[in-house]
Protein chains: 2
Amino acid sequence: MAEPGRLERLERRVRELQEELAREKRGRAAARARIHTMSAEVTDSNPYSRLMALKRMGIVKDYEKIRTFTVAVVGVGGIGSVTAEMLTRCGIGKLLLFDYDKVELANMNRLFFQPHQAGLSKVQAAEHTLRDINPDVQFEVHNYNITTLDNFEHFMDRISNGALEEGKPVDLVLSCVDNFEARMAINTACNELGQIWMESGVSENAVSGHIQLIIPGESACFACAPPLVVAANIDEKTLKREGVCAASLPTTMGVVAGMLVQNVLKYLLNFGTVSYYLGYNAMQDFFPTMSMKPNPQCSDHNCRKQQENYKKKEAARPKEEVIEKEEEIVHEDNDWGIELVSEISEDELKAASGPVPELPEGISVAYTIPDTDENLITGETVAESEESLEELMAKMRNM
Amino acid sequence: MAEPGRLERLERRVRELQEELAREKRGRAAARARIHTMSAEVTDSNPYSRLMALKRMGIVKDYEKIRTFTVAVVGVGGIGSVTAEMLTRCGIGKLLLFDYDKVELANMNRLFFQPHQAGLSKVQAAEHTLRDINPDVQFEVHNYNITTLDNFEHFMDRISNGALEEGKPVDLVLSCVDNFEARMAINTACNELGQIWMESGVSENAVSGHIQLIIPGESACFACAPPLVVAANIDEKTLKREGVCAASLPTTMGVVAGMLVQNVLKYLLNFGTVSYYLGYNAMQDFFPTMSMKPNPQCSDHNCRKQQENYKKKEAARPKEEVIEKEEEIVHEDNDWGIELVSEISEDELKAASGPVPELPEGISVAYTIPDTDENLITGETVAESEESLEELMAKMRNM
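Residues numbered from 1 in each chain as written. Chains lettered and ligands numbered in written order. Predicted model: local features only at pLDDT ≥ 70, side-chain atom pairs only at ≥ 80, totals over all residues. Heavy atoms only, no water.

**Side note on the overall build of chain A**
In terms of regular secondary structure, chain A is built from ten helices and ten strands. Put simply, chain A has 399 residues, and 59% of those count as buried. For chain A, the share of sequence-separated contacts (at least 6 apart) that also reach a separation of at least 24 residues comes to 66%. Put simply, chain A shows about 16,700 Å² of open surface, and 48% of that area lies on carbon and sulfur atoms. (Helix = DSSP H or I, 4+ residues; strand = E, 2+ residues; numbered from the N terminus. Buried < 20%, exposed > 50% of the residue type's maximum accessible area, 1.4 Å probe, protein only. Contact = heavy atoms within 4.5 Å. Areas by Shrake-Rupley, 256 points an atom, 1.4 Å probe, with all protein chains shown as cover.)

**Brief notes about the pairing of strand β8 (residues 277-281) of chain A**
Residues and elements named next belong to chain A. Within β8, five of the five residues are buried, leaving the element largely enclosed by the surrounding structure. Sheet analysis places strand β6 (residues 208-214) next to β8, joined by five bridges and oriented antiparallel. Directly across from Ser 208, in β8, lies its bridge partner Asn 281. In the sheet, β8 pairs with strand β9 (residues 289-290) via two bridges, with the strands oriented antiparallel. Bridging from a neighbouring strand, Leu 278 pairs with Thr 289 of β9. (Pairing = 2+ DSSP bridges.)

**Some remarks on the sheet that holds strand β2 (residues 94-98) of chain A**
All names here are of chain A. Within the open sheet, the eight strands sit side by side as β3-β2-β1-β4-β5-β6-β8-β9. Their pairing is mixed. Each of the sheet's edge strands pairs with one partner strand only, and the pair in question is β3 (138-142) and β9. Relative to strand β5 (residues 197-202), strand β4 (residues 172-175) runs parallel, the two sharing three bridges. Pairing of Ser 175 across the sheet is with Glu 199, part of β5. Each of β1 (70-74), β4 and β5 touches helix α6 (residues 180-193); the most contacted strand, β5, lies at about 170° to it. (Axes fitted to C-alpha atoms, helices over the stretch in contact; angles between N-to-C directions.)

**Observations concerning the packing of helix α7 (residues 250-269) of chain A against helix α7 (residues 250-269) of chain B**
Interaxial distance between α7 of chain A and α7 of chain B falls to 8 Å at its minimum, and their mutual angle equals 155°. Looking at the two axes, α7 of chain A sits roughly antiparallel to α7 of chain B. Considering only the axes of α7 of chain A and α7 of chain B, their crossing is left-handed. Seen from α7 of chain A, the contacting residues are Thr 251, Thr 252, Gly 254, Val 255, Gly 258, Met 259, Val 261, Gln 262 and Leu 265 of chain A; seen from α7 of chain B, they are Thr 251, Thr 252, Gly 254, Val 255, Gly 258, Met 259, Val 261, Gln 262 and Leu 265 of chain B. Classifying every residue of the contact of α7 of chain A with α7 of chain B gives eight nonpolar, ten polar and no charged. (Parallel < 35°, antiparallel > 145°, perpendicular 65-115°, else oblique. Left-handed = near helix turned anticlockwise from the far one by under 90°. Nonpolar A, V, L, I, M, F, W, Y, C, P; charged D, E, K, R; others polar.)

**Quick look at the nonpolar core**
Within the largest apolar cluster, 139 residues are counted, with the highest numbers of intra-cluster contacts made by Leu 95 of chain A together with Leu 95 of chain B. Excluding anything up to four places from it in sequence, Leu 95 of chain A contacts Val 71, Val 73, Ala 84, Leu 87, Thr 88, Leu 130, Val 137, Gln 138, Phe 139 and Glu 140 of chain A. (Core = buried A, V, L, I, M, F, W, Y, C linked by side-chain atoms within 4.5 Å.)

**What to know about the confidence of the model for chain A**
All names here are of chain A. A residue-level look at chain A finds 73% of positions with pLDDT of 70 or above and a mean pLDDT of 81. Low pLDDT, under 50, characterises residues 368-399; the stretch is placed with 67 contacts to residues that sit more than four places away or in other chains. Scoring of the predicted complex yields 0.80 for pTM and 0.79 for ipTM. (pLDDT = per-residue confidence, 0-100.)

**Focus on the side chain of Gln 262 of chain B**
Counting through the fold element by element, Gln 262 of chain B comes out in helix α7. Owing to a relative accessible area of 0%, Gln 262 of chain B belongs among the buried residues under this scheme. Side chain to side chain, Gln 262 of chain B and Thr 251 of chain A meet in a polar contact 2.7 Å long. At 2.9 Å, the side chain of Gln 262 of chain B forms a polar contact with the side chain of Thr 252 of chain A. (Polar contact = N/O pair within 3.5 Å; in protein donor to acceptor, adjacent residues only side chain to side chain.)

**What about helix α8 (residues 301-316) of chain A?**
All names here are of chain A. Between the first and last C-alpha of α8 there are 23 Å, a value that for 16 residues agrees with the 22 Å anticipated at 1.5 Å per step. Buried residues of α8: Asn 302, Cys 303, Gln 306, Gln 307 and Tyr 310, and no others. Buried positions in α8, seen along its axis, are confined to an arc of 145° and lie on one side of it. Those residues of α8 that are exposed and aimed more than 90 degrees away from the buried face are His 301, Lys 311, Lys 312, Ala 315 and Ala 316. On its buried side, α8 packs onto α6. Regarding α8, its N-cap is Asp 300, as a side-chain oxygen of that residue lies 2.8 Å from the backbone nitrogen of Asn 302 further along. (Expected span 1.5 Å × (residues − 1). Arc of directions from axis to C-beta.)

So, in structure tokens, the structure goes:
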């Protein structure tokens, strides 16, 4: 019945297809086994040799310690995905990823995601790529919006218990979200938990960004004062509406993710100066730094509680341990002839509506509040006024 | 002879395997067709919507023009690969990639390459990934070392003729190499061709880097003066030798690649201020800028020729066209209380051997020359001394 040799040809074809498929799959799978101990050995096959070299260079004392840390990345978009990739390549112990978006072709102007991932959830696509890059890292991904009530509770629980050793809190939370509600949710969670976190953002016109370290009780939280931004001069008519999207650039996102993860490495591995605030103005290549104390009248009662705790801790601290703080030097003059240029003039800043805190040139608040409060930093915050909040939210959506 | 149903089972197995293979291959192939006209339409499927939004934001007048440019990236390592990816995602017209290295697992601590690419040539692996990311970009890759005589001639030819329109020169050459010989080869080629280029580099201890714009005849070339670096204080004992490698970090590489491509976009698309020199000191989050005039006694006669051409062009230029240059402001005082901190003190700088040019705090030359020359910037350069060159090369290999 069957033509002669048909069986043999089919058997051969099955073998060929199996081999080709195995080759295809091998091409995508992680090409290396897990590595149980980080080594400084200089061989082509050691993915950690260039990182362990930081010890010989005198930059980091104990690089291997990176494997003991857990970092939560909230928002796996233009900044968050690159942030997660950098931490993965650095050999972080565990990453928690939170996002509820899907990959779209419209995201292809930023690094990390690839067109064939369009339609997948961002956390799922990211986990797949990151596991291939470094199978030594542990991943825990959550495909949900942290701002809904149930999810927020779960988010709080995972921040409190999701470290490498289940039941212990994560070491750091990184905010890489693109909207006001999500930033406020992270701020609320971290104030309640006393969780140290870093915030990041890029302006809607794609040419400025910033990172900020928030130590509850020690530095200003997101409810203490409006978030600071590098002045971007966005025209009101460009604000987000139907059929209009924010601009973004892989360059600005890459620089901000690099500044963020550099700050994370400095904080976790204890080298260099950890920045409280670092801005990036791409138009003039201007990078302002500063720090801001918390607001004793902050609307978030957990922030006020953390401030009390911090004061007690500081008072109990032996004097010789007091380290020179960054804010003690940021307001000195610069005698070295380096020119820093701002997009907005001092007059423009003064002409802005509402009270404006003392800020270095080129840094501005993301919004100003048209109320009678004398000092925005120490005054009542906006969360207590319904109307202001709406206005703020509209403006913050465009950050 | 054959067991019953064996033929049918084999046929079904072949169909299953073919489908699985097609799925695997589809997963890796470019998931989108070519796009012939960049559109600003805001849809999930438009990979250019966020870039075209730069026009509505008032940042870039004519974003589509990016498709007319050709950029050559020399060195596809930690900086070059990310640089190529950023340009690809931005929709550059054509990329020329030059490298002769293979991907190794030891490269996995930087962005871009993945473990399954280990063993492939860097240009081949990069081209494959970049084509998947953006099939609208044209690629031309050369898997060779540009410093050998034959290859150098071919490199010169491709720089002169490799634009989108064959026979026209590329718009920009980007140096992303990691050694002195390759930098000198690019410098020689660009001086001879009058080709504008940008240089980039990261220090051996992974915590500082820089980018530099070189316009032959207008700004200092690589032979005019030693390259500037952000002071890194590398101990001599850490220099490269058998069994020892340079440290590197995805963060520093990402920031430098971002600064480089941002400068490229500003230069090509005519927005913001193009930086002549931008440094990055990761330890203190310090980003010095400056610019340097060419050396009238430069050892490269093509540089001196370009200087003459530039002078003639400037003299012939109508006065109203003269644009305020960056160097006219970089030496003014900063009155805004922003503190810039350097790793090296002025005393340390003065105590360094050899003459030192006037540089902003925190920027240093990559080496100083123990000769009797009064002014390094305007004096004879090191390329004319055999012994100095060797010394320089040893030091430059560690950049």
